[in-house]
Every structure is written in structure tokens, then in C-alpha cells.
Amino acid sequence: MRKHIVLWLLLLMPLLLAACGKEEVEEVSPSPTPEHLEAPTIQGEGKLAETAKNIMSAYEEELSAVAAKSLDNLTYTIPGNVINQFIQDAQASGAEPADGYYRFSWTQSGDYTYETTVDDAPEIEAVTPDPRDEAPMDNQLNGDYEVSGGGLFERVRSYEFAETVTRGRMEISDSLNGEVTGHEYFAFSVRDGSLYFVDATLNITIDESGLHTQDGFITAVGVLKPDSLDILECAYSNPEQFPDPAKVNWSEFAASAHPITRLSAQGENVTFSP
């Protein structure tokens, strides 16, 4: 993703103290089970939200079972999150369907220019500005070090969703000062009681020296059924290679793919590889 993007949770594991008899004895209880991220549920009111809720209700039980077992691989959240974003943007923009489809774009933008000094943030060892403008700030925490960066950020989400919310596609384009900083493509199709989807993100990494665009896309390809889920994360060099959710034969695709990661579930039996 949203790349692809695998999300990480910040977990809190406290130690508990107990007292016994007249002597105080420190005992460390077993680490509690880390909280998992709940599977997204469809939000919003109105006909469009109710239509989406009816479609996704068939998969709620399986998504909840996967969510209870998955801490690092969050690809199961993709379809619900995208559909929720679609509903939110459609309502915010006042979009109406034509010829059975919602077709519209929604833009978010803002000037996020910043300027700071080491004195403003003494806990930061180094501050890296826009790599096109300046070198990273010296990591010595003294002296009059000043740095600026950021700029005009823009995100455009473009949609073509069926009014029935049974098929559709979305593209997200991000830019900073006119330079591409991210691109995501999502498509899905509900057929024969299963929801097939593809979510591809431009392979971009960010380090202290700035953005690095690598070749191709990281792509999550999945099929969601009322009692099972299978998602393969694969690398593709160009969009023409993406499977078509409306046509993909899952058995053939899974047998020929070379996944980076895989999430598979049958009921409450969830497995991950690697």
C-alpha cells in the first residue's frame, strides 16, 4: 500500500508487581497478548453506505478471525479501508452515480513547509530537510543549526466504482512540490460470492537522505470468501502485469505466483509465510 505497504503496530507490554505475605516479592507476569488491529467495518449513513455494508457483511466473521491472529501482516484491512475511503470521499464531494457508476476525483492539498533548529528540538540528533535543497543537519546538538523543508503536498484519489459496490477501481497519486512521492492502484470484483482484489503501491523507500524510487510495484492480490482468505504479496515491474480481479483464476494464479509474503486462512486457522 497505501506501496505495499506492510503496517506495524506499536505494542505496550507492562510488567505487573505483586506482594506476597510479609515479604515483598517482585513477580513478572506473562506478557499479555498484544492487541490486534480490528478488521475495518463499513462506516457512514445513507444508501451508498448501506449497500457497501450489505456486500461486506458476508465476510465480517472471517475478517475478524484473521484480525485476531494477525499482528504484522495487515493486508486483510485493504478492501474495507478503501471502500470506507470511497464512501467518505463520495459523500464529501457530493458525487452521484451515472450509468451505474460513481466516477469522480477528490483532492487534498496543503503547504507543509517547515523550518526548525536544533534548539527547537534538542532531542533530535539530526534533521533532514528536502534532499533537493540542503544536506542533512549536523548531528551535533550545539551551535546555530537551521533547516527547512517540506512544501506543497497534494494527494489525488480517483474513483470508478459501481453503484452496487460490487466492482471498481481507485488510484491515488501523491506529490511534494510537484515530485511524485507515491502512487497506489486498487481494483476489486465481487463474483460467485467471493471478493477478489488487487492493491499495488509504487516501490518507494524513504531514509534520511530522501526518497528512493525502485523499479516496479509491491502488490497484494487477494480473494476473500465467507469462510476463507488468501492474500499473496508479489512484485511486479509494471501495471500491465497486475491480475484482473474480474477475471483471475485463483488456483492458477496461486500456483504460478512467487509471493514475497502470504496470508492464508480457513475459518480461524490462519497461517503466514514467511
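Residues numbered from 1 in each chain as written. Predicted model: local features only at pLDDT ≥ 70, side-chain atom pairs only at ≥ 80, totals over all residues. Heavy atoms only, no water.

Asker: Hey, could you run me through the pattern of salt bridges in this one?
Answerer: Think of it this way: side chains of opposite charge can pair up when their charged atoms draw near. Counting across every chain of the model gives seven salt bridges. The closest approach of N and O atoms between Arg169 and Glu171, which form a salt bridge, is 3.5 Å. Judged by relative accessible area, which is 28%, Glu171 ranks as partly exposed. Because the salt bridges share partners, they merge into one network encompassing Arg103, Glu160, Arg169 and Glu171. (Salt bridge = Lys/Arg side-chain N within 4 Å of Asp/Glu carboxyl O. Buried < 20%, exposed > 50% of the residue type's maximum accessible area, 1.4 Å probe, protein only.)

Asker: I would appreciate a short explanation of unusual backbone geometry in the present structure.
Answerer: Trans is the common state for peptide bonds, and a negative phi is the common state for residues other than glycine. In this model, Ser273 is joined to Pro274 through a cis peptide bond whose omega is -5°. Even without being glycine, Asn177 reaches a positive phi, approximately 55°. Owing to a relative accessible area of 35%, Asn177 belongs among the partly exposed residues under this scheme.

Asker: What should I look at first to understand the environment of Asp111 in this one?
Answerer: Structurally, Asp111 can be placed in strand β1 (residues 101–111). Separated by 43 residues in sequence, Asp111 and Glu154 place their C-alpha atoms 8.9 Å apart. Beyond its immediate sequence surroundings of up to four residues, Asp111 is in contact with Gly151 and Leu152. One polar contact links Asp111 to Thr113, side chain to side chain, over a distance of 2.6 Å. (Helix = DSSP H or I, 4+ residues; strand = E, 2+ residues; numbered from the N terminus. Contact = heavy atoms within 4.5 Å. Polar contact = N/O pair within 3.5 Å; in protein donor to acceptor, adjacent residues only side chain to side chain.)

Asker: Which parts of the structure should I look at to understand helix α1 (residues 47–56)?
Answerer: Residue pairs three or four apart in sequence face the same way in an α-helix, which turns once every 3.6 residues. Taken together, the buried positions of α1 are Leu48, Ala49, Ala52 and Met56. Summarising the axial view, the buried residues of α1 lie within an arc of 95°, below the 170-degree limit, and thus occupy one face. What points out from α1, more than 90 degrees from its buried face, is the exposed set Lys47 and Asn54. (Arc of directions from axis to C-beta.)

Asker: Whenever I open this one, the packing of aromatic side chains confuses me. Can you help?
Answerer: Centre-to-centre distance and the angle between the planes together describe a pair of aromatic rings. In this structure the tally under the stated criterion is 14 aromatic pairs. On the basis of an interplanar angle of 55° and a centroid distance of 5.6 Å, the ring pair of Phe86 and Tyr159 is categorised as tilted. In this pair, Phe86 sits in helix α3 (residues 78–93) while Tyr159 sits in strand β4 (residues 152–162), placing the two residues 73 residues apart along the sequence. The pair Phe86 / Tyr159 is uniform in exposure class, with both members buried. Through a chain of ring-to-ring contacts, three or more aromatic side chains come together here, namely Phe86, Tyr102, Phe104, Tyr159, Phe161, Phe186, Phe188 and Phe197. Note that Arg191 overlies the ring of Tyr196, its terminal NZ or CZ placed 4.0 Å from the centroid. (Phe/Tyr/Trp six-rings, centres within 6.5 Å; stacked < 30°, edge-to-face > 60°. Lys NZ or Arg CZ within 6 Å of the ring centre and 35° of its normal.)

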